[in-house]
Amino acid sequence: MRVIIIGNGVAGVNVARAIADSGVADELIIYSCEKHNYYPRPRLIELLTGDLPPEAIAQYPDDWYQRRKIDVRLGCCVAAIDRDARRITLADGGHDTYDKLVLAIGAHSWVPPIAGAERQGVHTLRTVRDAETIGAQARKAENVVCIGGGLLGLDTSMALVRCGASPVILEALPWLMPRQLDREGAAVLQALIEARGAHVRVGVQVEEIIGDGRVRSVRLKSGEELPADLVVVSAGVRSNLLLAQQAGLSCNRGIIVNERMETDDPDIYAVGDCAEFKGMVWAIIPVALAQARVAAMQICGQGDGLYEGVVPSTTLKVTGIDLTSIGEVNPQEGMFVEKRYQNAAGSVYEKLVIRDRRIVGAILLGDRSDVRAVNQLISRGVDVAPYIDRLFTAGLSLADIVNAQ
Amino acid sequence: MAKWECLVCGYVYDPDEGDPDNGIEPGTAFEDLPDDWVCPECGAGKDMFEQMD
Ligand SMILES: Cc1cc2nc3c(=O)[nH]c(=O)nc-3n(C[C@H](O)[C@H](O)[C@H](O)COP(=O)(O)OP(=O)(O)OC[C@H]3O[C@@H](n4cnc5c(N)ncnc54)[C@H](O)[C@@H]3O)c2cc1C
Ligand SMILES: [Zn+2]
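Residues numbered from 1 in each chain as written. Chains lettered and ligands numbered in written order. Predicted model: local features only at pLDDT ≥ 70, side-chain atom pairs only at ≥ 80, totals over all residues. Heavy atoms only, no water.

1. Remarks on the overall build of chain A
- Tallying secondary structure elements over chain A gives 10 helices and 25 strands in all.
- If one aligns the C-alpha atoms of chain A with their principal axes, the spans along those axes are about 65 × 65 × 40 Å.
- In chain A, once contacts between residues fewer than 6 apart in sequence are set aside, the share between residues at least 24 apart is 60%.
- For chain A, the exposed area adds up to about 17500 Å²; of that, 48% sits on carbon and sulfur atoms.
- The distance from the centre of the 43 positive side-chain charges to the centre of the 50 negative ones in chain A is 1 Å. (Helix = DSSP H or I, 4+ residues; strand = E, 2+ residues; numbered from the N terminus. Contact = heavy atoms within 4.5 Å. Areas by Shrake-Rupley, 256 points an atom, 1.4 Å probe, with all protein chains shown as cover. Lys, Arg positive; Asp, Glu negative; His and termini not counted. Charge placed at Lys NZ, Arg CZ, Asp CG, Glu CD.)

This is how it looks when you write it as structure tokens:
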């Protein structure tokens, strides 16, 4: 069997590793536009600050692929897929054929349609080159503006602080990390972020990025103008779809897959940031890992692993602020109970969302001693109703509930 | 020896397996990993791991 994987990110590499370990593929080839051996993308933050030297970005030694008999073709983009002939065309004009094809082509940074976003000095962070460019400019910049107060925007802003900048973070929604936090938690987080040297403006909309060739300022809808010689936009990502669309595979926000990670062509799989399952593209690593496992199992014909979706969990890393957000944190509809805890100093905030006797969402900010217990209570679907009045009281820790099962 | 889980991505460090790709022999306890060892999936540092029971 000849298996081709397009994409050398965490999704593609994990599919390749599992297939290589199983020994079922006679030939296993990875094509990648990027010229680097596999690196975990979150490490771009450390590359940006200079804490990680560029040569240390690769996760594995050079012979990692060889030892597994994985043929990796770096800097080699795939331009088209011919499904009838089971053949791919490379950007350099070459061809290759497959029995099974895995699309692990990831996502790209999205830039909202802001006038002037094409000016020099406006960047997004997704690749090694992005990190090096932003880091170099941040060290010289007088005024840095970060558009987007989500997870990546905050991680990036804290990295810019480490480069010596005092970035202004602009978030259009009424609070920071709107997907992962509620209003109360975001207020606690905002205080922690500002104490570290960034400025936060929520509920503001960017109207235009002003300058000549290069950015000079950012104008808000209110008319206010913020000086800027570097603008970093963190407004989320969009799946890379072109290759799949041109091959006639069904796509929505991502390439649509079933619980076996198959696209509508049973010989073509999609995993990671490019894949959409049940209407969702999470674009986070735990999802990529789970999907890679299933796709590899299906291709190897070993076990009938199905992807059932995972409860999304995100953790802020570089800020030195402990924040984990899991599942549904801002319930709107139906019956639910919210339990909150905040310490007197205002540095710790925790919330649990309970539906139908089970925890479906959690915010753990400023203290991570409960993270594992909450993950277990959620993934095991533990009935917490008997404890509901004693949650967050002295004498009952969440780990106690786990241990009582 | 205990397994440890990465809070960022869910990767589990199993001391019985070690992390041979990154030069860590099977049988190495999590506590004995070098300080600059990082999660092979997401690059998070050792401080982002929690012990599993
Ligand atoms: C700075 C930063 C911090 C992050 N922090 C976190 C975090 O803390 N937690 C978390 O869960 N997630 C985090 N993420 C998101 C995480 O990195 C992604 O979810 C993950 O990289 C997805 O992996 P992937 O393999 O699906 O796609 P990608 O990593 O995007 O890899 C896709 C690869 O496919 C290649 N490719 C695309 N098209 C082609 C083609 N036509 N031919 C050949 N090759 C092609 C691309 O060059 C790329 O190398 C972060 C991302 C960034 C940028
Ligand atoms: Zn990890």
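2. Here's the deal with the coordination of the zinc ion (ligand 2)
Residues and elements named next belong to chain B.
- Around the zinc ion (ligand 2), the protein supplies C6 (SG), C9 (SG), C39 (SG) and C42 (SG) as donor atoms, at distances of 2.3 to 2.4 Å.
- Counting gaps between the donor residues of the zinc ion (ligand 2) yields the pattern C-x2-C-x29-C-x2-C.
- The class for C9 is buried, based on a relative accessible area of 5%. (Donors = N, O, S within 2.8 Å, 3.2 Å for Na, K, Ca; no water. Buried < 20%, exposed > 50% of the residue type's maximum accessible area, 1.4 Å probe, protein only.)

3. Remarks on helix α5 (residues 151-162) of chain A
All names here are of chain A.
- Between the first and last C-alpha of α5 there are 17 Å, a value that for 12 residues agrees with the 16 Å anticipated at 1.5 Å per step.
- All buried positions along α5 are accounted for by G153, L154, D155, T156, S157, M158, A159 and L160.
- Elements in contact with the buried residues of α5: α2 (44-49), α4 (128-140), β10 (144-147), β11 (168-171), α6 (183-195) and β16 (230-233).
- Downstream of α5 by a residue or two, G164 has a phi angle that is positive, lying close to 100 degrees. (Expected span 1.5 Å × (residues − 1).)

4. Let's talk about the sheet that holds strand β9 (residues 122-123) of chain A
All names here are of chain A.
- A sheet is described by the order of its strands in space; here 5 strands give the open sequence β9-β16-β10-β11-β12, paired in parallel fashion. If you trace the sheet from one side to the other, it starts and ends with β9 and β12 (199-202), each paired once.
- Relative to β16, β10 runs parallel, the two sharing 4 bridges. Bridge pairing in β16 places C146 opposite V232.
- Packed on one face of the sheet, α6 meets β11 and β12 and runs near 145 degrees to β12. (Pairing = 2+ DSSP bridges. Axes fitted to C-alpha atoms, helices over the stretch in contact; angles between N-to-C directions.)

5. As for the side chain of N8 of chain A
All names here are of chain A.
- Position of N8 relative to the elements: it lies in the loop between β1 (2-6) and α1 (10-22).
- Accessibility expressed as a relative area gives 7% for N8, which makes it buried.
- A polar contact of 3.4 Å, which involves the side chain of N8, links it to the backbone oxygen of H36.
- Among the polar contacts listed, one links the side chain of N8 to the side chain of Y65, at a separation of 2.9 Å. (Polar contact = N/O pair within 3.5 Å; in protein donor to acceptor, adjacent residues only side chain to side chain.)

6. Thoughts on the packing of aromatic side chains
Residue and element names in this part refer to chain B.
- One pass over the structure, following the stated rule, counts 13 aromatic pairs over all chains.
- Ring pairing ties together the aromatic residues W4, Y11, Y13, F30, W37 and F49, which thus form one cluster.
- One Lys or Arg, K46, reaches over the ring of F30 and ends 5.3 Å from the middle of that ring. (Phe/Tyr/Trp six-rings, centres within 6.5 Å; stacked < 30°, edge-to-face > 60°. Lys NZ or Arg CZ within 6 Å of the ring centre and 35° of its normal.)

7. Looking at the interface of chain B and chain A
- In this complex, chain B contributes 19 residues to the contact, which on the side of chain A involves 25 residues.
- A buried area of about 1900 Å², summed over both sides, lies between chain B and chain A, and 44% of it is on carbon and sulfur atoms.
- Broken down residue by residue, the surface that chain B buries against chain A is led by L7, D21 and E41 of chain B, which jointly contribute 35%.
- For the interface between chain B and chain A, the tally reads 5 salt bridges.
- Run the count over chain B and chain A and you get 12 residue pairs in polar contact (both at pLDDT 80 or more).
- The element that contributes the greatest number of residues to the side of chain B that touches chain A is strand β3 (residues 49-51) of chain B, accounting for 3 residues.
- Its residues assigned to classes, the side of chain B that touches chain A shows 10 nonpolar, 3 polar and 6 charged. (Buried area = accessible area lost by both parts, 1.4 Å probe. Salt bridge = Lys/Arg side-chain N within 4 Å of Asp/Glu carboxyl O. Nonpolar A, V, L, I, M, F, W, Y, C, P; charged D, E, K, R; others polar.)

8. Considering the domain arrangement of chain A
Residues and elements named next belong to chain A.
- Here the domain parsing of chain A yields domain 1 (2-108 + 237-299), domain 2 (122-233) and domain 3 (322-403).
- Relative placement of domain 2 and domain 3: their C-alpha centres are 30 Å apart.
- Between domain 2 and domain 3, the contact holds 12 residues from the first and 12 residues from the second.
- Note on domain 2 versus domain 3: buried area summed over both sides is about 900 Å², and carbon and sulfur give 66% of it.
- Linking domain 2 to domain 3 there are 3 salt bridges. (Domains from an automatic or database assignment.)

9. Some thoughts on the site of ligand 1
- The environment of ligand 1 is formed by 31 residues, the closest being E34, R41, R126, I285 and K317 of chain A.
- Two or more chains meet at ligand 1, and those chains are chains A and B.
- Between ligand 1 and C33 of chain A, the relevant distance is 3.0 Å, taken from a nitrogen atom to a main-chain nitrogen or oxygen of the residue.
- Between ligand 1 and V78 of chain A, the relevant distance is 2.9 Å, taken from a nitrogen atom to a main-chain nitrogen or oxygen of the residue. (Near = heavy atom within 4 Å.)

10. Details of α6 of chain A
- With 13 residues, α6 of chain A ought to run about 18 Å at 1.5 Å a step, and its terminal C-alpha atoms sit 19 Å apart, in line with that.
- After α6 of chain A finishes, the residue G197 of chain A shows a positive phi value of roughly 110 degrees.

11. With respect to the pattern of salt bridges
- Inspection of the entire model under this criterion finds 29 salt bridges over all chains.
- Two residues, D212 of chain A and R216 of chain A, come together in a salt bridge whose shortest N-O distance is 3.4 Å.
- A residue is classified by how much of its surface remains accessible, and R216 of chain A, at 47% relative accessible area, is partly exposed.
- When salt bridges that share partners are traced, they join R17, D21 and R68 of chain A together with D21 and E41 of chain B into one network.

12. Focus on unusual backbone geometry
Residue and element names in this part refer to chain A.
- With phi around 60 degrees, K69 is a residue other than glycine that occupies positive phi space.
- Note that K69 resides in the loop between α3 (64-67) and β3 (71-74).
- Even without glycine at this site, F392 takes up a positive phi of about 65 degrees.

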